[in-house]
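Chain and residue survey
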Amino acid sequence: MNRTSSLVTAVLAAVVHAQAPQHVVVPASAATADANSFEWVAGASSPLRQQNLIAASHLTALVGRTLTALEFRRTAADEVYDGASLSLHVTMSHAPHGPLEAHSNFASNVGANATTVFQGTLTLPTSPAVPVGPGAPVAWSANNVLRIPFTTPFVYNGGPLCVDVVGTPVAGQSTSWWMADAVFEPIAGAVSDLGGGCGAYGGAQKRWSYASARSLLPGAYAHFEAYGPPGSLGLCVFGHRAPQPIPLALLGFPSPAGCDLMLGVIDMLVPAPFLPDANPGLLHRGGLASVELRVPNSAAVFGATLTTQWFEWTQQATSNALEWTVASAAPSLGMALLEGHPQETTGTLSVHLAHVLRFEAQ
């Protein structure tokens, strides 16, 4: 009888152990310690769609397992986060490509086996202040976590994973500030201002064009912006720097003084309208035009340099020219984040920033 009892006990213990959920934190370095950045929770404050793309290297412990829940943990901060209610639609799929091949179009990152794992309303807890500091411990406790229990489990079979979350605040129950933990890789390209600007915008220095150094990464979309007369058309010109400035007047343009062409070789022209700002208080800045240029995830572009300058048609004016250089290495985070409004087909892609996520699996 003792032998039989011991055998039954051992079998029951094995079954309980097999059924006990396992937890895998991505990235593993943030399993117990606060990561080095923070990000919005979709739907906590405003409507938001967020796709986290995760490389297979982060998920080896989950291959062949059934995912049953997903958790977002708050970031460490010396402040109480007020609770909220939010409506979520969460989809999981085996992504068709890795994070450094991600697209700014949401649909392009979703795999063929897309599964709605949760759809409904959840409560974001009121969370007490968490001591801050390098690597501060943050527990995966109920008052620190948005837990999403899957109504439809998802079997992960390996490869890149797409976690697609669409969140909408519940009317009258939103919160202004509830930030989830996120990981950030401090990698960037470089931007140098060459001058050459003229016209009515950009202040005394006529600097009315900008480029994001953080977007100059292999696998990312290089982002360029400029200000000009609302409703007018701009040309974003890409090429190579001229040995010396060329006055536009010398080329026959009736341009204001100080308009200099800084490009010696022109490779590409991209038209973009200057759209008025929805905020009346910002109309003095002019309309905003933006252009994105895909940077391939290839060693061939590491350290590559180009020059960009805008031309605004109604003023016959040039912007300040920007010489920019792609980072000398690709991001190594193995994650990417695409976010935007749920009603838009595209969003803003970051290949150096992503949420800290905890998966529950059987």
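First things first, this report covers the structure right here in the doc. A quick note: this is a predicted structure, and the numbers were derived from the prediction, not measured. The residue numbering used here restarts from 1 in each chain and proceeds along that chain's sequence as written. Residue-level local features of this predicted model are given only where pLDDT is at least 70; pairs of side-chain atoms are given and counted only at 80 or more, and the full residue set underlies all totals for whole chains, interfaces and linings. Here the side-chain values reflect all heavy atoms present in the structure, with hydrogen atoms and water set aside.

**Quick word on the layout of surface pockets**
Of the grid points, spaced at 1 Å and generated over the protein atoms alone, those admitting a 1.4 Å probe that cannot get out make up cavities, while open sets with protein on both sides within 12 Å along at least five of seven lines make up pockets; any residue with an atom within 4 Å of a point is treated as lining. Grid points are joined across faces, edges and corners, and a volume is the space filled by probe spheres set on the points. A volume near 320 Å³ is recorded for the largest pocket. Forming the boundary of the largest pocket are 19 residues, of which Tyr221, His223, Glu292, Thr348 and Leu349 lie nearest the centre. A run of DSSP states H or I qualifies as a helix once it reaches four residues; a run of E qualifies as a strand once it reaches two. Both are numbered from the N-terminal end. For the lining of the largest pocket, the secondary structure elements donating two or more residues are strand 12 (221–228), strand 15 (287–294), strand 19 (335–340) and strand 20 (348–350). With 3 residues, the top contributor of residues to the lining of the largest pocket is strand 20. For this classification, the nonpolar set comprises Ala, Val, Leu, Ile, Met, Phe, Trp, Tyr, Cys and Pro, the charged set comprises Asp, Glu, Lys and Arg, and every other residue, Gly included, is treated as polar. In the lining of the largest pocket, the residues fall into 5 nonpolar, 11 polar and 3 charged. Considered as a void within the structure, the second largest pocket measures approximately 210 Å³ in volume. Looking at the second largest pocket, it is lined by 14 residues, and the ones nearest its centre are Val237, Leu248, Leu261, Ile266 and Phe311. If you list the elements that add at least two residues to the lining of the second largest pocket, you get strand 13 (233–247), strand 14 (260–273) and strand 16 (305–312). The leading source of residues in the lining of the second largest pocket is strand 14, at 4 residues. Residue classes in the lining of the second largest pocket are distributed as 12 nonpolar, 2 polar and no charged.

**Brief notes about the pairing of strand 19**
Relative accessible area decides the class of each residue, using a 1.4 Å probe on protein chains only: under 20% of the type maximum gives buried, over 50% gives exposed, and in between gives partly exposed. Burial runs high along strand 19: 6 of the 6 residues are buried. Taking every second residue as pointing to the same face, both faces of strand 19 are buried, with Met335, Leu337 and Glu339 on one and Ala336, Leu338 and Gly340 on the other. DSSP bridges decide pairing: two strands pair if at least two such bridges lie between them. Across 6 bridges, strand 3 (residues 48–54) lies against strand 19 in antiparallel orientation. Paired with Arg49 across the bridge in strand 19 is Gly340. In this structure, strand 19 lies alongside strand 20, joined through 3 bridges in antiparallel fashion. Bridged to Leu338 within strand 20 is Leu349.

**Here's the deal with the packing of aromatic side chains**
Any two rings among Phe, Tyr and Trp, with Trp reduced to its six-membered ring, count as a pair given centres within 6.5 Å; such a pair is stacked if its planes are under 30 degrees apart, edge-to-face if over 60, and tilted if neither. Applying the stated criterion to the full structure yields 10 aromatic pairs. With a centroid separation of 6.1 Å and 65° between ring planes, the pair formed by Phe38 and Trp177 is classed as edge-to-face. Of the two residues, Phe38 is situated in strand 2 (residues 37–40) and Trp177 in the loop between strand 8 (161–169) and strand 9 (179–184); the sequence distance between them amounts to 139 residues. With relative accessibility at 42%, the residue Phe38 sits in the partly exposed group. The exposure class assigned to Trp177 is partly exposed, which follows from its relative accessible area of 32%. Between the aromatic rings of Tyr81 and Trp178, the centroid separation amounts to 5.6 Å while the plane-to-plane angle is 50°, which identifies the pairing as tilted. Residue Tyr81 is found in the loop between strand 4 (66–73) and strand 5 (84–94), and its partner Trp178 is found in the loop between strand 8 and strand 9; the two are separated by 97 residues along the sequence. Exposure remark for Trp178: the relative accessible area of 0% places this residue in the buried category. An aromatic cluster of three or more residues is present, and its members are Phe38, Trp40 and Trp177. As a reminder, the over-ring test applies to NZ of lysine and CZ of arginine, requiring each to be within 6 Å of the ring centre and within 35 degrees of the ring normal. Taking NZ or CZ as reference, Arg74 lies 3.8 Å from the ring centre of Tyr81, over its face.

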